[in-house]
Amino acid sequence: MDEALLPSPPDAAAPPPLPPTPACEIVALRKRFGATVAVDGLNLRVPPGMLYAFLGPNGAGKTTSLRMLAGLLKPDYGTARINGHDVHADPVRAKQGLAYIPDDPALYAKLTPIEFLEYTAALWSVPHEQARARAEELLTKLGLAPRAADRIESFSRGMKQKVALASALVHAPSLLMLDEPLTGLDAAAARLVKDMLVEFVAGGGTVLLTTHILEVAERLAQRIGIIAKGRLLAEGTLEELRVQAAMPGATLEDVFLRLVGSTEGMGRT
Ligand SMILES: Nc1ncnc2c1ncn2[C@@H]1O[C@H](COP(=O)(O)OP(=O)(O)OP(=O)(O)O)[C@@H](O)[C@H]1O
Ligand SMILES: [Mg+2]
């Protein structure tokens, strides 16, 4: 048989496909405040296109880690990257696709939400017409349209939280980092925000969030990282965490409490 007619064999020399660039990653990150080591050699890798929950007890180092990822705090040691770009060496490119909502978002209280969203969009060079349309769409979605002309200073805590979320989404980021985004939201608002996050991920975006509401992480997150005392305790899908905790079928709350409880008495330098 003519060899040329045979199907060509798979090319044994072809390299396996490269894993996708993580949406964000931290490598050997360390941060000390005086005598407290807030983050202690942390490694974390968030693959693109998923919701990743970053969990840990109070004071574990979550906010400090996110602030270093967002480039707001310089690590003592280690590297933070967004979409493959070093946050500290190449901040402009790293932050291009990033939206970060801290646990205490700073809003311009004298502005209306429309003005604030337009201002934020302008910082990201979104054309004015597009910014206006996007701002109106987001405010309507979040139920804030009737208050669009009021100053933010007159808003309740939950309303301010919604404005912060809208401002994060106004420039269509690829990575959304949220530090306890559901705090202070009523049940309907929390549902709305969760739905928006799921929609954001379905559209190809990546979400990295911290929360103490473990049911939310259990239901929404594709992967979960648990830290305590600045160190990574466990990482993976819920199923993988159950295996690590030797708790088949357990809830995330039970797994979390066992893993975190096992560090009681563990020193923090
Ligand atoms: N600016 C700062 N100055 C001094 N210590 C700080 C500072 N920021 C954080 N820390 C300390 O670092 C540790 C980690 O704090 P961090 O805010 O990162 O925790 P967290 O995991 O976000 O906790 P929570 O769940 O309560 O938000 C804590 O011991 C905290 O007191
Ligand atoms: Mg925090």
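Quick caveat: nothing in here was measured; it's all calculated off a predicted structure.

Colleague: Explain the confidence of the model for the chain to me, please; I cannot follow it from the model alone.
Modeller: In low-pLDDT segments, the atomic positions of the prediction should not be examined closely. Across the chain, the average pLDDT comes to 91, with 94% of residues at 70 or higher. No element of the chain has a lower mean pLDDT than helix H5 (residues 157–169), which averages 91, and none a higher one than strand E3 (residues 51–55), which averages 98.

Colleague: Quick question: what am I supposed to make of the packing of helix H8 (residues 238–245) against helix H9 (residues 252–261) here?
Modeller: Helix-helix packing: each pair is described by the crossing angle between the helix axes and the interaxial distance. For the pair H8 and H9, the least separation of the axes is 10 Å and the interaxial angle reads 45 degrees. As the angle between them shows, H8 and H9 are arranged oblique. Between H8 and H9 lies a crossing whose hand is left-handed. On H9, the residues that touch Leu238, Leu241, Arg242 and Ala245 of H8 are Leu252, Val255, Arg258 and Leu259.

Colleague: Would you mind going over the sheet that holds E3 with me for this structure?
Modeller: Sheets are built from strands that pair by backbone hydrogen bonding, the pairs being arranged parallel or antiparallel. Pairing within the open sheet is mixed, and its six strands lie in the order E6-E7-E8-E3-E9-E10. Among the strands making up the open sheet, the edge pair consists of strand E6 (98–101) and strand E10 (231–236). Averaged over all adjacent pairs, the angle separating strand axes in this sheet is 15 degrees, with direction ignored. Relative to strand E7 (residues 175–179), E6 runs parallel, the two sharing four bridges. Across the sheet, the residue bridging to Leu98 is Leu175, located in E7. Together, E3, E7, strand E8 (206–210) and strand E9 (223–228) form the strand contacts of helix H1 (residues 62–69), whose direction differs from that of E7 by roughly 150 degrees. Contacting E9 and E10, H8 crosses the sheet at an angle of about 125 degrees to E10.

Colleague: Honestly, the packing of helix H3 (residues 113–123) against H5 in this entry has me stumped. Any pointers?
Modeller: Closest axis-to-axis distance for the H3/H5 pair is 9 Å, and the angle between their directions is 30 degrees. Overall, the two elements H3 and H5 adopt an arrangement that is roughly parallel. Of the two elements, H3 crosses H5, and the hand of that crossing is right-handed. Of H5, the residues touching H3 (which contributes Pro113, Phe116, Leu117 and Thr120) are Val163, Ala166 and Ser167. For the contact of H3 with H5, the per-class residue count stands at five nonpolar, two polar and no charged.

Colleague: Where do I start with the nonpolar core in this structure?
Modeller: General note: in soluble globular proteins, nonpolar side chains tend to be found buried as a group. Core analysis: the biggest nonpolar cluster contains 70 residues, and Leu69, Ala166, Met177, Val207 and Leu208 have the highest contact counts within it. Ranked by residues supplied to this core, first place goes to H5 with seven residues. Inspection of this core shows a minimum of three residues originating in each of domain 1 (22–97 + 174–264) and domain 2 (106–172). Discounting residues that sit within four places of it in the chain, Leu69 has contacts with Cys24, Ile26, Ala80, Ile82, Val87 and Met177.

Colleague: Could you clarify how one ought to interpret the site of ligand 1 in this entry?
Modeller: Around ligand 1, a shell composed of Phe33, Thr36, Ala38, Gly56, Asn58, Gly59, Ala60, Gly61, Lys62, Thr63 and Thr64 is seen. Contributing elements (two or more residues each) for the shell around ligand 1: strand E2 (36–46) and H1. For the shell around ligand 1, the element with the most residues is H1, which contributes three residues. In terms of residue class, the shell around ligand 1 is built from three nonpolar, seven polar and one charged.

Conventions adopted
Residues numbered from 1 in each chain as written. Chains lettered and ligands numbered in written order. Predicted model: local features only at pLDDT ≥ 70, side-chain atom pairs only at ≥ 80, totals over all residues. pLDDT = per-residue confidence, 0-100. Helix = DSSP H or I, 4+ residues; strand = E, 2+ residues; numbered from the N terminus. Axes fitted to C-alpha atoms, helices over the stretch in contact; angles between N-to-C directions. Parallel < 35°, antiparallel > 145°, perpendicular 65-115°, else oblique. Left-handed = near helix turned anticlockwise from the far one by under 90°. Contact = placed C-beta atoms within 7 Å. Pairing = 2+ DSSP bridges. Nonpolar A, V, L, I, M, F, W, Y, C, P; charged D, E, K, R; others polar. Core = buried A, V, L, I, M, F, W, Y, C linked by C-beta atoms within 7 Å. Buried ≥ 20, exposed ≤ 12 C-beta atoms within 10 Å, placed from the backbone. Domains from an automatic or database assignment. Near = placed C-beta within 6 Å.

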